[in-house]
Structure formats: C-alpha cells, structure tokens
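Chain residues, written in single-letter form:
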Amino acid sequence: MGPKGIIGLVLLSAIVITGYNSVFQVDERNQAIVVKFGEPKRTVTEPGLKFKVPFVEQVIFLDKRILSLDVPPQQVMASDQRRIVVDSFARYRIVDPLKRYQAARTDAGAESLLENAMESTVRQVLAQEPMAETVSGQRAALMTRISELTNERAKTFGLEVLDVRLKRVDLPAENSEAIFRRMETERQREAMEKRASGQRDAVIIQATADRQVAELIAEAERKSQTIRGEADGKAVKIFAEAFGKDEEFFEFYRTMQAYKKALGTDDTRLVLSPDSEFFKLFMNENGTSKR
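Residues numbered from 1 in each chain as written. Predicted model: local features only at pLDDT ≥ 70, side-chain atom pairs only at ≥ 80, totals over all residues. Heavy atoms only, no water.

When you go through the protein chain residue by residue, the secondary structure sums to seven helices and eight strands. Out of the 291 residues belonging to the protein chain, those deemed buried represent 22%. (Helix = DSSP H or I, 4+ residues; strand = E, 2+ residues; numbered from the N terminus. Buried < 20%, exposed > 50% of the residue type's maximum accessible area, 1.4 Å probe, protein only.)

Tracing the sequence through the fold places Ile66 in the loop between strand S5 (57-63) and strand S6 (67-77). Classification of Ile66 by relative accessible area gives partly exposed; the value is 46%. Note: C-alpha distance between Ile66 and Arg29 (37 residues apart in sequence) is 9.8 Å. Each residue touching Ile66, except ones within four places of it in the same chain, is listed here: Arg91, Tyr92, Arg93 and Leu162. (Contact = heavy atoms within 4.5 Å.)

Attention shifts here to the side chain of Glu119. Summarising the element assignment, Glu119 is placed in helix H3 (residues 107-126). For the buried Glu119, no salt bridge exists, and the shortest N-O distance to an oppositely charged side chain is 4.5 Å, to Arg123. Once you skip the residues sitting within four places of it in the chain, Glu119 turns out to touch Val71 and Gln74. (Lys, Arg positive; Asp, Glu negative; His and termini not counted. Salt bridge = Lys/Arg side-chain N within 4 Å of Asp/Glu carboxyl O.)

Glancing now at the pattern of salt bridges. All chains considered together, the criterion is met by 14 salt bridges. The shortest N-O distance in the salt bridge between Asp70 and Lys167 comes to 3.1 Å. Of this pair, Asp70 sits in strand S6 while Lys167 sits in strand S8 (residues 159-170), and the two are 97 residues apart along the sequence. Overall, Asp70 belongs to the partly exposed group, its relative accessible area being 49%. Overall, Lys167 belongs to the partly exposed group, its relative accessible area being 41%. What you see here is one network of salt bridges that share partners, running through Asp70, Asp87 and Lys167.

Our next topic: the environment of Phe51. Position of Phe51 relative to the elements: it lies in strand S4 (residues 48-51). Judged by its relative accessible area of 57%, Phe51 is exposed. Remark: the alpha-carbon pair of Phe51 and Val34, spanning 17 residues in sequence, is separated by 9.7 Å.

Look at H3: 28 Å from first C-alpha to last across 20 residues, which is about the 28 Å you get at 1.5 Å a residue. By the burial criterion, the buried members of H3 are Ala110, Leu114, Ala117, Met118, Glu119, Thr121, Val122, Val125 and Leu126. (Expected span 1.5 Å × (residues − 1).)

The biggest cluster of nonpolar side chains holds 30 residues, and the ones touching the most others in it are Ile84, Val86, Leu114, Leu126 and Leu159. Within the residue set of this core, elements represented by two or more residues are strand S2 (30-36), S6, strand S7 (83-94), H3, helix H5 (139-154) and S8. Leave out the neighbours within four places in its chain, and Leu159 touches Tyr92, Arg93, Ile94, Val95, Arg100, Ala110, Leu114, Asn151 and Ala154. By size, the runner-up hydrophobic cluster in this structure holds five residues, among which are Phe24, Val26, Ala32 and Val34. (Core = buried A, V, L, I, M, F, W, Y, C linked by side-chain atoms within 4.5 Å.)

This paragraph deals with the sheet that holds S2. Read across the sheet, three strands follow the order S3-S2-S5 without closing on themselves; strand pairing throughout is antiparallel. Either end of the sheet is taken by a strand with one partner, and the two such strands are strand S3 (39-44) and S5. Within this sheet the neighbouring strands show an average axis-to-axis angle of 30°, counted without direction. When S2 meets S5, the two strands line up antiparallel, connected through seven bridges. The residue of S5 that forms the bridge with Ile33 is Ile60. (Pairing = 2+ DSSP bridges. Axes fitted to C-alpha atoms, helices over the stretch in contact; angles between N-to-C directions.)

Quick look at the packing of H3 against H5 now. As a packed pair, H3 and H5 sit with axes 9 Å apart at the nearest point and diverge in direction by 140°. Our classification of the angle between H3 and H5 gives oblique. Once H3 is placed against H5, the crossing between them reads as right-handed. Contacts from Leu114, Ala117, Met118, Ser120, Thr121, Val122, Gln124, Val125 and Leu126 of H3 reach H5 at Leu142, Arg145, Ile146, Leu149, Thr150, Arg153 and Ala154. Of the residues that constitute the contact of H3 with H5, the class distribution is 10 nonpolar, four polar and two charged. (Parallel < 35°, antiparallel > 145°, perpendicular 65-115°, else oblique. Left-handed = near helix turned anticlockwise from the far one by under 90°. Nonpolar A, V, L, I, M, F, W, Y, C, P; charged D, E, K, R; others polar.)

Here you go:
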C-alpha cells in the first residue's frame, strides 16, 4: 500500500471514529444531559438517536424510571417528649435532569440530598404529634404530609417524590426493654394479687363447707336422736302392752334374755347356789333339776 492509501485509511478511520463519537442512543428508560467541559448544554428526554459535538461534548445518562430510597432508621422526639424509632422509604423519579445534575453530579449524591430532606421532614412532622398518634393513630395522614413536604424540598434538586411510607414506628430498644420489665412486674403483681385472692376465697369456701358439714352432722344426729327416742318410746309402749297381756310369758322372755347374756360365751363361769332364783327355769316343780 502506497502513501496515498495509508493516508486514505487514516482519514477513513478518523471519519468513522468522529462519526461514532458524534451520535448517542437514548432508550425509553433513560434521559440524558449533554455537557461541554463539565458545563451542561442541553437535556434530552425523548428516546432515539441523538447527535453531539465529538470529543468536546459528553453525555450523562439519568434514570427515567421510578426509583426507591430506603432511609436508615432514625430516632425522633414526639410532641409528648417521648422518643420513637422511625424506619421509612420513598419512591421518587427525576423530573428535571438539569436541576438534578446541578444539585448532585452523581446518583449517590442525589440520594444523599433526598435522604437528608426526608429525615428533616420526618422529624418536623412527627415532632408535632404525640407518640400514641404516631404509633397507632392516623399514620396515613402523617405519611401524606411527609410526602408533600419532602416533595417540595426535592423539587429544588430536580426530583419528584411520589410516595413516602413509614415501614416501622416503634420505641427505642432501651424504652421497649423498660416497658417490658414494667409490664412483667405489673403482671407478676396481678398474679400475686389473684393468687392471694384465690387463697382467701379457698379459706372462706373451706370454712363454709366445714360449717355446713358440721351443721348437717348436727342436724342428722338431732334427727337420729329424735327418731331413736321415738323408737324407744314405741318399744317401751309395745313392751308394756305385751307385759300387761301375759306377765308369765314376759317373765320367761326376760329370763331367757338374761341366760343368753350370761351364758353366751364359752369362757363364762357362774358360781351360784342351786336354789338360786336364776336357775328356777332349770328346776322341776318339786325343786329337782330337770337334767
């Protein structure tokens, strides 16, 4: 290849390189800022093939989609001077690439600005509310206020805040531990009171039951004495009537009962005179033994 061919090849390469550096592609997900020596010249928000001055202008691409920012948990002082821990996140997008580039050259810098704005807004809004309202009250209304105020501040650096959410609103760990210990102490005190009340009721119930048992036993004994007395009275009456009807048989019966009691066991020994009244039923009419 001769000198002219080499020069032609160099010129062709220069033209290709220059042409390649003269165009750039913007897709639907991105938007771009064209800068010259770090100075922004124009913004490109529509997708397609675009042109720039080669080697002099550079293109900075910015995301056009909805982005999210997770803010680290922060402690906030509520209006009742009680500390709470707030964990939040935001959804946002870049609506003004030029302002965004002027406020922060990098994505990390822009997120830092938005994070500071959110933290400041969260402290401002929640400081006006008592802890109970923040933890379990109208949280949706609070998130709306935080979102609106954060969006006003984010507009100054080209961002639009679409939504802010409070993922968690809770007491600090040391406060939660103190509350847990207080609740535990309270539950133990209630348990002791209930146990003491139960023991007191048990003593009362036992005493009442013992008294009722004693009353029932006394009443049963009284009735048994009454019934026994009535039975004894009837027995005496029957006995007297029987005695009046046949005195000889009654005397014989009583003598048999006396024999039964006296001679009922094998080890009974009686030493009596043969003519004793006790043995009169063992004697004949002439006074001799029936044996």
